[in-house]
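Examination of the molecular architecture
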Amino acid sequence: MTQTQDAARTRTFGWSDPAEHASQLGRRSGMEILNAMSTGELPPPPIMHLIGAAGIHAEEGSVTLELEPQEFHYNPLGSVHGGVLSTLLDTAAACSVHSTLPAGVGYTSMDLNVKFLRPATIASGRLLCTGTVLQRGRRTALAEARITDSAGRLIAHATSSCMIFEIPGA
């Protein structure tokens, strides 16, 4: 990704074919896919490039992502847009569920309940977003995610329900 901070302020980025991830769902467990993204064996999904998120760390039942706030994340009030923070929260919560799934099983978010506690800005430093599975059954899972700033202050919190299903043809 390239970015300028001159008067014209531009941003250019590329991404890999998202079908590369989808093709792995029937062959690898969620943890294997997340670890492959963490090591660079698989590229991150396009949304990670779009928002500029980096660094994925996965353990079974927990996933942490990083985001360095930039001007292009800002809303008209001069802080990181709630949609960017919600995207991070949704990704970390859902991927924490993914980390518990065997090959051939998929998931999708059913809801996301977000509480914004303080604004995030460039001055907040690197944001860490950690998702954790609270409960997983055969068909649904409940997860939470938290965003903290570089001083460890809580920026936002979310809970998410995910539907779990077998992938047809996997």
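First, a word on scope: everything that follows refers to the structure included in this document.

Criteria and thresholds
- Residues numbered from 1 in each chain as written.
- Predicted model: local features only at pLDDT ≥ 70, side-chain atom pairs only at ≥ 80, totals over all residues.
- Heavy atoms only, no water.
- Pairing = 2+ DSSP bridges.
- Helix = DSSP H or I, 4+ residues; strand = E, 2+ residues; numbered from the N terminus.
- Axes fitted to C-alpha atoms, helices over the stretch in contact; angles between N-to-C directions.
- Contact = heavy atoms within 4.5 Å.
- Core = buried A, V, L, I, M, F, W, Y, C linked by side-chain atoms within 4.5 Å.
- Buried < 20%, exposed > 50% of the residue type's maximum accessible area, 1.4 Å probe, protein only.
- Salt bridge = Lys/Arg side-chain N within 4 Å of Asp/Glu carboxyl O.

Turning our attention to the pairing of strand E3 (residues 53-59). Pairing analysis gives five bridges linking E3 to strand E4 (residues 62-67), with the strands arranged antiparallel. Pairing of Ala53 across the sheet is with Leu67, part of E4. Where E3 folds back on E4, the antiparallel hairpin that results is connected by two residues, among which Gly61 adopts a positive phi of roughly 85 degrees.

Before going further, it helps to spend a moment on the sheet that holds E3. Reading across from one edge, E3-E4-E6-E7-E8-E5 is the order of the six strands in this open sheet, with antiparallel pairing throughout. Among the strands making up the open sheet, the edge pair consists of E3 and strand E5 (105-116). On average, each strand axis in the sheet is inclined to that of its neighbour by 20 degrees, with strand direction left out of account. Against the sheet, helix H2 (residues 30-39) contacts E3 and E4, and its axis sits at roughly 140 degrees relative to E3.

A few words on the nonpolar core. Leu88, Leu89 and Ile147 are the most contacted members of the largest nonpolar core, which has 40 residues in total. Here this core gets nine residues from one element, more than from any other, and that element is helix H4 (residues 82-98). Beyond its immediate sequence surroundings of up to four residues, Ile147 is in contact with Leu85, Leu88, Leu89, Leu127, Leu128, Cys129, Arg153, Leu154, Ile155 and Ala156.

On to the pattern of salt bridges. One pass over the full model with this rule turns up six salt bridges. Of the charged contacts, one joins Arg126 and Glu66 as a salt bridge, the two residues approaching to 2.6 Å between their closest N and O atoms. You can see Arg126 sitting in the loop between E5 and strand E6 (127-136) and its partner Glu66 sitting in strand E4, a full 60 residues away along the chain. A salt bridge links Glu144 to Arg146, with the shortest nitrogen-to-oxygen separation between them at 3.8 Å. Look at Glu144 and you get buried, because its relative accessible area is 18%. Salt bridges here are not isolated pairs; linked through shared partners, they connect Glu66, Glu68 and Arg126.

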